[in-house]
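Below are the chains, spelled out letter by letter.
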Amino acid sequence: MTLEDAAKQKMQEVDTFASGTGLSEDLKEMLVEAQEQDRLTCGIYESGKLLEMNPEGIMLCVLPENSASDVTLHIHLTLIEAFCWENDIGIIKVDSVEKLAKLLDVVEEANSAENQAQVWSKKEAGPAPVDYNCILIEYPTGKCSPAEEKMLDFHRITCDLVPQPVISLED
């Protein structure tokens, strides 16, 4: 088997896996579960701190594809991606930081509507905007959910592909 044949076979495996499962829905379910269980870290700076303190506790890193029109942001994302590869942390690429933000903001709004303990007056600035350019998902304390297992399987199948496949999130 030639290298080209092996690459074609690997792409067929990826296509078969991706067509048989709703990767976008599984990713959405996994992110919502992790956010509800407080296992989600959003932001370049916050992710860097967590990676430094506890890299073995990170299950997956979700990065948007080509979100960095800013050179500094691009360098930070490249360094985080390299750190994840170096420490065997799975990387999942998505098509848009805006779609990712929209998905997680909806969940955050629902959670904050339930907890009305913190009320913002018109004079206060309100909560700072959340950076969704890097999202880390920590391992659960118990077993992984079926959606998490599917995303880990997707990572195992695609981890050695260059360029890495990108999951298209729904609007």
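See the structure shown above.
Residue numbers restart at each chain and count upward from 1, following the sequence in its written direction. The model is predicted, so local features are restricted to residues of pLDDT at least 70 and side-chain atom pairs to those at 80 or more, both for listing and for counting; the totals for chains, interfaces and linings are taken over all residues. Side-chain figures throughout are based on the complete set of non-hydrogen atoms in the structure, without hydrogens or water.

**Looking at helix H4 (residues 71-86)**
Rules: Each helix is a run of DSSP H or I of at least 4 residues and each strand a run of E of at least 2, with the numbering of both proceeding from the N terminus. An expected span of 1.5 Å times one less than the residue number is assigned to each helix. When a residue's accessible area, from a 1.4 Å probe over protein chains only, is under 20% of the maximum for its type it is buried; when over 50% it is exposed; and in between it is partly exposed. Note that the arc is computed from the directions linking the helix axis to the C-beta atoms. By definition in these notes, contact holds between two residues if any of their heavy atoms fall within 4.5 Å. As used in this structure description, the phrase polar contact means that two N or O atoms lie within 3.5 Å; if the pair is within protein, one of them must be able to donate a hydrogen and the other to accept it, and residues adjacent in sequence are counted only when both atoms belong to side chains.
With 16 residues, H4 should reach 22 Å at 1.5 Å per residue; the first-to-last C-alpha distance of 22 Å fits that figure. The complete set of buried residues in H4 reads Leu73, Leu77, Ile80, Glu81 and Cys84. All buried residues of H4 project into a common sector of 100 degrees when viewed along the axis, lining one side. Seen from the buried face of H4, the exposed residues on the opposite side, beyond 90 degrees, are Val71, Leu79 and Glu86. Here the buried face of H4 lies against helix H3 (44-53), strand E2 (58-64) and strand E3 (90-94). Regarding H4, its N-cap is Asp70, as a side-chain oxygen of that residue lies 3.3 Å from the backbone nitrogen of Thr72 further along.

**Here we look at the state of the cysteines**
Going by this rule: Only a pair of cysteine sulfur atoms within 2.5 Å qualifies as a disulfide here.
Enumeration according to the criterion identifies zero disulfides in this entry. This cysteine, Cys134, is not joined by any disulfide, and Cys61 carries the nearest cysteine sulfur, 3.9 Å off.

**Concerning the sheet that holds strand E5 (residues 166-167)**
For clarity, the cut-off: When DSSP finds two or more bridges between two strands, those strands count as paired.
Spatially, E1-E4-E2-E3-E5 is the arrangement adopted by the five strands of the open sheet, whose pairing is mixed. Looking at the sheet topology across the chains shown, the edges are occupied by strand E1 (40-42) and E5. Pairing analysis gives five bridges linking E2 to E3, with the strands arranged parallel. Within E3, the residue paired with Pro64 across the bridge is Val94.

**Notes on the pairing of E3**
Of all five residues in E3, five are buried, a share of seventy percent or more. Every second residue of E3 is oriented toward a common face, with Gly90, Ile92 and Val94 on one face and Ile91 and Lys93 on the other, all of them buried. Bridging between E3 and E5 involves two bridges; their strand directions are parallel. Each residue of the ladder has a partner; that of Lys93, found in E5, is Val166.

**Details of a nonpolar patch on the surface**
The condition that has to hold: Every patch collects residues that have over 30% relative accessible area and no salt bridge, joining them within 9 Å if they carry like charges and within 5 Å if they are nonpolar side chains (Val, Leu, Ile, Met, Phe, Trp, Tyr). With residues, only the protein chains shown are counted as cover, and all accessible areas are computed by Shrake-Rupley using a 1.4 Å probe. Each reported salt bridge corresponds to a side-chain nitrogen of Lys or Arg within 4 Å of a carboxyl oxygen of Asp or Glu.
Together, Val71, Ile75 and Leu79 make up an exposed nonpolar region whose accessible area comes to about 300 Å². Residue placement: Ile75 occurs in helix H4.

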